[in-house]
Amino acid sequence: MINMLFNNGNQALLAAFGQLAAFAGTCFFMAKCSQFLPKDGGRDFAYDGKLSAGKPRGAGIIFILVFTAAALIFMPIDLEILIYLILIVAEMLTGYMDDAAEKPWGEYKKGILDLIIATILAVNYLHFNSSTIEIATLGININIPPVLFGLLTVILVWGSINVTNCDDGVDGLSGTLTIITLATFYVIDHIKGKPDEFTNLILVFIICILGYLWYNATPSRLLMGDAGSRAMGVFISIAALKSGSPVLFIPVAAVIILDGGLGLVKVALIRGFKIHILKNVRTPLHDHVRKVMGWSNTQTVSRFAIIQIVISLAVVYILLL
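All values reported here derive from a predicted model rather than from experimental measurement.

**Student:** Residues and numbers for the nonpolar core, please.
**Tutor:** In this structure, Phe63, Phe67, Leu201 and Phe235 are the most contacted members of the largest nonpolar core, which totals 83 residues. Per-element accounting of this core gives the leading share, 12 residues, to helix α7 (residues 197-216).

This is the structure:
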């Protein structure tokens, strides 16, 4: 790794150069490689889903690979972080293979693969970290039995993957909300005085998403597909875990959880218990506000982002007290 050739005094300069290289690399490869991506067929059940038909899909493979390369070249990486990178790439690849498949993968197949990755991630985290979490807003530390902590971590990772995936459906929405969520965790790490190697990776990941959004802003030229959204979900869950206060995932990713998660809960209750809730609410919520409330795509992205920014600022304010 290039960073091994530099002393600690040059790490900040190298990291800054890496961030610029990550943005330039993402933009370059988005422009040059989008023609080789599979084409979206349009989603039958999503509001205005047919408008995406024919656009390159699976662009997540580009910005995730650029992020991974930038991390390995420009950032200090230990074994724990290396395993996280491998898992992020693995999740991206499962999403990309679904994006490229003529017949979309079934929910159970994707769910099992997500579960495998979530389990490995939980084991990796517990190997390098304790099972103690901090209730940051109260300053209370809670020691959770490792087995229970591992189970809760699997739920966190699996849930983050799937709510982030379901949140992807409007040009720029998922990427923008992910940036706000990750930026909040970056600030939280510094407020708590616990920035580490992974904290530095958050900025690189954000910058790669920004490179993607350059081409995904309405009207979009390409789509991240499951390759991007599922990998982003993994990264968000790691950011929550490495903050030492994984419970903060709930407010810091509140809009992603509500937008993508309500549909999952709704379907699970119908299939498992024949319970029908939110009969008059379309899910994901980004479809409801556009079809029922008449919001434009731009209004949806802006207003959802504003809501999350307000919530995140409230969390940061409480932590600063």
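On we go from here.
**Student:** Quick one: what's the story with unusual backbone geometry, residue by residue and with numbers?
**Tutor:** Note that the residue after Thr218, namely Pro219, is joined by a cis bond; omega there is -5 degrees. Looking at the element boundaries, Pro219 is found in the loop between α7 and α8 (225-242). Backbone torsion omega between Thr283 and Pro284 reads 0 degrees, so that peptide bond is classified as cis. Mapped onto the fold, Pro284 is located in the loop between α10 (254-273) and α11 (285-291). Its identity is not glycine, yet Lys274 carries a phi of approximately 55 degrees, on the positive side. With respect to the helices and strands, the residue Lys274 is situated in the loop between α10 and α11. Judged by relative accessible area, Lys274 falls into the exposed class, the value being 67%. Phi angles above zero are rare outside glycine, and Leu278 is one such case at about 50 degrees. As for its position among the elements, Leu278 is in the loop between α10 and α11. With relative accessibility at 33%, the residue Leu278 sits in the partly exposed group.

**Student:** Can you break down the pairing of strand β2 (residues 140-143) residue by residue, with the values?
**Tutor:** Where strand β1 (residues 132-135) meets β2, four bridges bridge the pair, whose relative direction is antiparallel. Residue pairing across strands places Ile135 opposite Ile140, the latter belonging to β2. Counting the residues that bridge the hairpin from β1 to β2 gives four residues, and of these Gly139 lies at a positive phi of roughly 70 degrees.

**Student:** Requested: an account of the layout of surface pockets, with residues and values cited.
**Tutor:** Taken as a whole, the second largest pocket spans an internal volume of roughly 310 Å³. Together, 15 residues line the second largest pocket, and Leu152, Thr153, Leu156, Pro246 and Val247 are the ones closest to its centre. Those elements that provide at least two residues to the lining of the second largest pocket are α5 (146-167) and α9 (249-252). A breakdown of the residues in the lining of the second largest pocket according to their chemical character gives 12 nonpolar, three polar and no charged.

**Student:** Explain the side chain of Ser243 to me, using residue names and the numbers behind them.
**Tutor:** With respect to the helices and strands, Ser243 occurs in the loop between α8 and α9. For Ser243, a relative accessible area of 1% corresponds to the buried category.

**Student:** Any chance you could break down a nonpolar patch on the surface for me, citing the residues and the numbers?
**Tutor:** Taken together, the side chains of Leu72, Ile73, Leu79, Leu82, Ile86 and Phe128 define a hydrophobic patch exposed on the protein surface, amounting to about 480 Å² of accessible area. Counting residues per element, the ones that place at least two in the nonpolar patch are α2 (60-74) and α3 (79-100). No other element matches the three residues that α3 contributes to the nonpolar patch. Its location among the elements puts Leu79 in helix α3. Given the relative accessible area of 53%, Leu79 is considered exposed.

Rules behind the numbers
- Residues numbered from 1 in each chain as written.
- Predicted model: local features only at pLDDT ≥ 70, side-chain atom pairs only at ≥ 80, totals over all residues.
- Heavy atoms only, no water.
- Core = buried A, V, L, I, M, F, W, Y, C linked by side-chain atoms within 4.5 Å.
- Buried < 20%, exposed > 50% of the residue type's maximum accessible area, 1.4 Å probe, protein only.
- Helix = DSSP H or I, 4+ residues; strand = E, 2+ residues; numbered from the N terminus.
- Pairing = 2+ DSSP bridges.
- 1 Å grid on protein atoms, 1.4 Å probe; cavity = no way out; pocket = protein on both sides within 12 Å on 5 of 7 lines; lining within 4 Å.
- Points joined across faces, edges and corners; volume = space filled by probe spheres on them.
- Nonpolar A, V, L, I, M, F, W, Y, C, P; charged D, E, K, R; others polar.
- Patch = residues over 30% accessible without salt bridge, like charges linked within 9 Å, V, L, I, M, F, W, Y side chains within 5 Å.
- Areas by Shrake-Rupley, 256 points an atom, 1.4 Å probe, with all protein chains shown as cover.
- Salt bridge = Lys/Arg side-chain N within 4 Å of Asp/Glu carboxyl O.

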